[in-house]
Amino acid sequence: MLYNAFRLALHEIRRNVMRSLLTILGVVIGVAAVITMVTIGGGATVQVTEQIASLGTNLLIITPGQRMGMGQRAAAPPFEMDDVDAMGREIGAVAAIAPISSRPVTTIFGNANWSTTVMGTDNQYLKVGNWALEMGREFTDSELRAGGAVCILGATVRRELFGNQDALGSKIRLGKLSCQVIGSLHSKGQSTIGRDRDDAVLIPLRTFQRRLAGNQDIGLIQVSIQRGASTARAEQDIKELMRKRRHISASEDDDFTVMDLKDITKMLTGTTQVLTGLLGAVAAVSLLVGGIGIMNIMLVSVTERTREIGIRLAVGALEREVLTQFLVEAIVLSSFGGAAGVVLALVASVLAAKALSVPFVLNVGIVIVGFLFSVGVGVVFGYFPARKAARMDPIEALRHE
Amino acid sequence: MVADHEHSEPPLIRLEGVTKVYGTGEAATYALRGIDIRIGQGEFVAVMGSSGSGKSTCLNIVGCLDTPSSGSYLFRGTEVGKLTRNQRALLRRQYFGFVFQGYNLLSRTSALENVELPLIYRGVVRSKRRELAGKALAAVGLQGRETHSPAELSGGQQQRVAIARALVTEPDVLLADEPTGNLDTARSLEIMDLLTALNRDRGITIVIVTHENEMARYADRIINFVDGEVESDARHGEVA
């Protein structure tokens, strides 16, 4: 019976090739969209995870204020150099501590200018962030102490201002501050959130505070923990120390945040996953619409074939057999749509992954789910028209013109 | 002759006080107003009457396509009115062959596949279906037309395909509603000869609905319907 229903379905689909193609188009697009979204989202998640892992897993970032949620934070006093020194003295297992203050700035060299971020820090920054000098040298102690007008360029800034020219020794302007280039950094490329990590200029912290900011503030502190030591332990120690230093009573919350890079990984992958889910859900709606398209055409088909149904019932077809016939037809249609959608999705995913420079990670699970979903769409949206066919009165159906 | 009606064996078809009402209340219209008919195995019966006299409704009830509103219809001793839709479908599948006025063949489907249709629902395997359908088409004189679709066949040929479809299951009863309604006289007489031969040679019980005396003459017995009631019921040669 099932085999016959299947053959009949193929026969019926061949009879109306164009209509069948248009009918399944909705399901094709729906399945393709769901699979593509989830595949690209999965690729993005993998990319985020890999990039953060390349930074090292033992980095703590301390910022003033408490995170309120995505990107929001409550206002709180900034850090001071004393805080950094205290951490260096009192926290065990610290490999390096870098104080950082930054602000946007326009850099000018000759006719070239480039908007970037200037960061006041010290040589520890290079150690914490695994930065290597491509050319030149680090800051000297006297430059750091006295606030010398010197800078180290990120790869992007060097390229934008100097192109292929030698930058060492040249004087560039950072807003109102003129300073000499003493080095440049190796390129690291984009960060996980799409920020160009090479797009920055480093100057001594003291220089930043005196000549650009006009205060003694420190925006954030990066601490790298010695390999093998517990970052959780260090995080706890830092919290206790900072609470004491910032006079926070036991009943109050922290007014600063210590973030483990692992937490950031989790947060970012969480964000990508939520986005992936959201896009997938939107795509699933289109699959639903595709299902309604199938139902629509099946209803038309049932009406068109009323006499056929009447004949089948008259020669002794059971309700169940007529139901099966039309249900199988809907399922075959939607499965074709699903299969075509899978193929389309694989092609689209490879192309989109290339275009978005995200790794292509084949998610067999979602391919299977997508296909099964299309079959399910056939069952759900085919059932109503099929039932309508099965419940017809044979006499009325035979009289139908 | 009368004794034949009171045969000891229960008749194949027994309608008693059968009514059929469409609609309810004041809008109710009676298609059948209490009819009693018995038809025995091997009879060739013509049901006559003007349109609206209830003859088609009667045929649909006999063929288990419809059920009486009241009264009793026993087919082989089974009360059809008490059966479910599916049980009636099983009866049709097992015992009845239908020939309709409008042929009612599946369009864009070959003659052979049309004739195969009832066999599919009987669960006959494909090769056997082909064989039986081929034989049935040959029996109605359509060998060589197996692959033609209804659109490629004349009206008379289409009706022969329909008859072949009704015969292929070797039914006990063949029901034909105006089988010659769309055909010219020559084709009509051919079809009637074919039916007569089937009745005579295979012993198939045949009930046809017609309004043409010429066609009714082929039957052994003529039942006349007027306004939902049996006006006369006469065997061949008897005076109505």
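Throughout what follows, the structure given in this document is the object of discussion. The model shown is predicted, which means the values in this text are computed figures rather than measured ones.

### Some points on the overall build of chain B
Thought 1: Along the backbone of chain B there are eight helices and ten strands.
Thought 2: Projected onto the principal axes, the alpha-carbon positions of chain B cover approximately 50 × 40 × 40 Å.
Thought 3: Split into buried and exposed, the 240 residues of chain B put 52% on the buried side.
Thought 4: A separation threshold of at least 6 residues defines the contact pool for chain B, and within that pool the share at least 24 residues apart is 69%.
Thought 5: With the model as given, the accessible surface of chain B reaches about 10700 Å², and the carbon-plus-sulfur share is 47%.
Thought 6: With 27 positive and 30 negative side-chain charges, chain B shows a spacing of 8 Å between the two charge centroids.

### Things to note about the sheet that holds strand β9 (residues 221-226) of chain B
Residue and element names in this part refer to chain B.
Thought 1: Judged by pairing direction, the sheet is mixed, and its six strands sit side by side in the order β6-β7-β8-β3-β9-β10 without closing on themselves. Each edge of the sheet is formed by a strand with only one pairing partner; in this case those strands are β6 (96-99) and β10 (229-235). Neighbour to neighbour, the strand axes of the sheet diverge by 15° on average, direction disregarded.
Thought 2: The sheet contact formed by strand β3 (residues 44-49) and β9 spans five bridges and is parallel. Counterpart to V45 in the pairing with β9 is R221.
Thought 3: Seen against the sheet, helix α2 (residues 55-62) touches β3, β6, β7 (173-177), β8 (205-209) and β9 and runs at an angle of roughly 155° to β7.
Thought 4: Strands in contact with helix α3 (residues 85-95) are β6 and β7; relative to β6, the strand with the most contacts, it is inclined by about 85°.

### Quick word on the pattern of salt bridges
Thought 1: Under the counting rule described, the total for this entry stands at 29 salt bridges over all chains.
Thought 2: One salt bridge in this structure joins E43(B) and R235(B), with 2.8 Å as the shortest N-O distance. Remark: R235(B) occurs in strand β10 and E43(B) occurs in the loop between β2 (29-39) and β3; sequence separation between them is 192 residues. Each member of the pair, E43(B) as well as R235(B), carries the same accessibility label: buried.
Thought 3: Residue R130(B) pairs with E116(B) through a salt bridge whose shortest N-O separation is 2.7 Å. Pair noted here: R130(B) is in helix α5 (residues 126-139) and E116(B) is in helix α4 (residues 111-121), with a separation of 14 residues, a long-range link.
Thought 4: Linked through salt bridges whose partners overlap, the residues forming this network are E12(A), R15(A), R305(A), E308(A), R312(A) and E329(A).

Rules and cut-offs
- Residues numbered from 1 in each chain as written.
- Chains lettered and ligands numbered in written order.
- Predicted model: local features only at pLDDT ≥ 70, side-chain atom pairs only at ≥ 80, totals over all residues.
- Heavy atoms only, no water.
- Helix = DSSP H or I, 4+ residues; strand = E, 2+ residues; numbered from the N terminus.
- Buried < 20%, exposed > 50% of the residue type's maximum accessible area, 1.4 Å probe, protein only.
- Contact = heavy atoms within 4.5 Å.
- Areas by Shrake-Rupley, 256 points an atom, 1.4 Å probe, with all protein chains shown as cover.
- Lys, Arg positive; Asp, Glu negative; His and termini not counted.
- Charge placed at Lys NZ, Arg CZ, Asp CG, Glu CD.
- Pairing = 2+ DSSP bridges.
- Axes fitted to C-alpha atoms, helices over the stretch in contact; angles between N-to-C directions.
- Salt bridge = Lys/Arg side-chain N within 4 Å of Asp/Glu carboxyl O.

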